[in-house]
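Residue-level listing of the chains:
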Amino acid sequence: MRREIPMAITTLTGLIMIIVFFVPRWEDWSDIFLKWFTVIAGFALVLGAGSLLLVNLNKISRKASGWGYNVVLIIGLLATAGSGIIQGIGPGTMFDFIFVYFFTPLSATMFSLLAFYIASAAFRAFKAKSLEAGLLLVTAFIVMLGRVPIGEMMWNALPFAQSIPLTEIIEKWIMGCFNTAGQRAIMLGASIGIISVSLKILLGIERSYLGGGD
Amino acid sequence: MTVFDKIKNLDRRWIFLFILISVIIPLLIPLNLKLNTSKPVEDIYSYMNSLPEGSVILMSFDYSPSTEIELNPAAIAIVRHAFQKKLKVVALALWPMGASMSQNVLTPLAKEYNKEYGKDYVNLGYKAGGSVLLISMNNGFATEFPTDINGTAVTDLPLMNQVKDYKSCALVVSLSAGVPGMKEYVQIVATRFGSKVAAACTAVSAPEMYTFLNSGQLLGLMGGLKGAAEYEKMIDYNGDARKGMDAQSVVHLVIVLFILFSNVVYFVDEYRKKTAE
């Protein structure tokens, strides 16, 4: 019953949501389910924090490789959540201090590191080994340089620049034509995949969301 | 080991050093490169300009500090333009950290433009639910956000008596770094409920949004720091985005030169191998 009841709930809820989408008279049902979802989504945050604690405490107790980082994570989690619960999250509170002076610069640093790794990876991997790779390389050059003022300046120095503006090449041709065609193909493919997986979930064929590796 | 082998196996710390230098120098010594505007950004600006005084802009702060550098300038430029045009701003967040992002943008700008909280702008804060929340909000913002970020009942805020649902908003702007974000706004708020939606996103996610831009589902798009810099130029404000454009220009150029250099080495190496055979 541990699997059958959640599957029944999933199938029933899914079918109701599909039916009420096409029957305006039953729209109120959809509202009820949406409200339930919002409440459950709130609890998911608590569940996530609980799961994070369990996983990290388990690693610390086993003294797994790099367990010191898990200790830092738990201290960070408890200090941030505790200060927010006790003192609030407004300006001047400990929570605000942690957010502004720890979390924000650390997050920005992690994201900024991408620039260095992208440069290094591009140097090693981005080679015109075939015609397709060459086309991709040329397109990447045009977009990378065309998206920044220095590229526009370089393009404007070319004799034919006035007759073919760089923004037109990027916006209309590359982004508006080739990119859009590719993106739409990916989106349509993904959407068909989502419909297929949704149907499998509703019919009880796909059960991995229940956990347990079945 | 030949010189080609040495270049092929170049220590990546040299690349890191070049990137670091090309970021720092333009920030310290600005190049003041000329910046042109693009249509997707111009469309947002023109639409905002055409709105009558007192119109409401709904802004969704769907990002966290990791992408703050790219998206905060866009948020600041739009709020600045809205306050200059005497438009009202209602902020919310689909990301937990987005609530703090919105506070950091709105509070100093409201002070600068002498705007009153509750009357000229409101911050509803964060609520979980993503796309489901966006669908539910169509039944009334107050049902999903009974209180604002400070815990004040929205019924006590004069602006929220004017703003009931998406129809009360002249424009919805999603400042997005991922999911849930602009894609959900396009699919639900623009397509299903018929509201005007514009987006500001990280440069890496901008190409995906061109499909919605070309179909007319998206009013306009500010992609990355460049989009924000263009908007800053249009409202005649020299913010972080315009200041960062020089550094971004040089870094892009350096990366392109690195790729070109590695390709030259690759082809010369291939030629040498063939002639050796």
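Residues numbered from 1 in each chain as written. Chains lettered and ligands numbered in written order. Predicted model: local features only at pLDDT ≥ 70, side-chain atom pairs only at ≥ 80, totals over all residues.

Trainee: What is the right way to look at the nonpolar core in this model?
Mentor: Where a protein is soluble and globular, its nonpolar side chains tend to be buried together. Formed by 101 residues in total, the largest nonpolar core has its most connected members in Ile57(B), Ala74(B), Val197(B), Met209(B) and Leu218(B). Contacts of Ala74(B), omitting those with residues within four sequence positions, involve Leu175(B), Ala200(B), Met222(B), Gly227(B), Ala228(B) and Tyr231(B). (Core = buried A, V, L, I, M, F, W, Y, C linked by C-beta atoms within 7 Å. Buried ≥ 20, exposed ≤ 12 C-beta atoms within 10 Å, placed from the backbone. Contact = placed C-beta atoms within 7 Å.)

Trainee: Help me out: how do you make sense of the interface of chain B and chain A in this one?
Mentor: In many reports, interface size means the accessible area that the parts give up when they come together. Between chain B and chain A, the contact holds 45 residues from the first and 42 residues from the second. For the side of chain B that touches chain A, the elements supplying multiple residues, two or more each, are α2 (12-28), α4 (68-84), α6 (131-137), α10 (206-214) and α12 (240-276) of chain B. Of the residues forming the side of chain B that touches chain A, the biggest block, 14 residues, is contributed by α12(B). Its residues assigned to classes, the side of chain B that touches chain A comprises 22 nonpolar, 16 polar and seven charged. (Helix = DSSP H or I, 4+ residues; strand = E, 2+ residues; numbered from the N terminus. Nonpolar A, V, L, I, M, F, W, Y, C, P; charged D, E, K, R; others polar.)

Trainee: What is the right way to look at the confidence of the model for chain A in this model?
Mentor: Detailed reading of the predicted model is not advised wherever pLDDT is low. Scored by pLDDT, chain A has a mean of 89; 99% of the residues are at 70 or more. When pLDDT is averaged over each element of chain A, helix α3 (residues 67-87) of chain A comes out on top at 94 and helix α2 (residues 27-61) of chain A at the bottom at 87. (pLDDT = per-residue confidence, 0-100.)

Trainee: Sorry, what's going on with the domain arrangement of chain B here?
Mentor: Taken domain by domain, chain B comprises domain 1 (3-30 + 245-276) and domain 2 (39-237). Using C-alpha coordinates to define each centre, domain 1 of chain B is positioned 39 Å away from domain 2 of chain B. (Domains from an automatic or database assignment.)

Trainee: Honestly, the packing of helix α11 (residues 224-234) of chain B against α12(B) in this entry has me stumped. Any pointers?
Mentor: When two helices pack together, their arrangement is given by the angle between the helix axes and by the axis-to-axis distance. All names here are of chain B. Packing of α11 against α12 brings their axes to within 8 Å, and their N-to-C directions diverge by 135°. Here α11 lies oblique to α12, going by the angle between them. When you trace α11 past α12, the crossing you get is left-handed. Between α11 and α12, the residues in contact are Leu225, Lys226, Ala228, Ala229, Glu232 and Lys233 and Ala241, Arg242, Gly244, Met245 and Gln248, respectively. Here the contact of α11 with α12 is composed, by residue class, of five nonpolar, two polar and four charged. (Axes fitted to C-alpha atoms, helices over the stretch in contact; angles between N-to-C directions. Parallel < 35°, antiparallel > 145°, perpendicular 65-115°, else oblique. Left-handed = near helix turned anticlockwise from the far one by under 90°.)

Trainee: Quick question: what am I supposed to make of α2(A) here?
Mentor: Residues three or four positions apart in an α-helix share a direction because the helix packs 3.6 residues into each turn. Residue and element names in this part refer to chain A. Helix length check: α2 (35 residues) gives 51 Å between terminal C-alpha atoms against 51 Å at 1.5 Å per residue, within 8%. Buried residues are scarce in α2, accounting for two of its 35 residues. A positive backbone phi angle near 50° is found at Lys63, which sits one or two residues after α2. (Expected span 1.5 Å × (residues − 1).)

Trainee: Teacher, can you tell me more about the domain arrangement of chain A here?
Mentor: When the domains of chain A are assigned, the result is domain 1 (1-87), domain 2 (89-124) and domain 3 (126-209). Each of domain 1 of chain A and domain 3 of chain A was reduced to a C-alpha centroid, and the two centroids are 35 Å apart.

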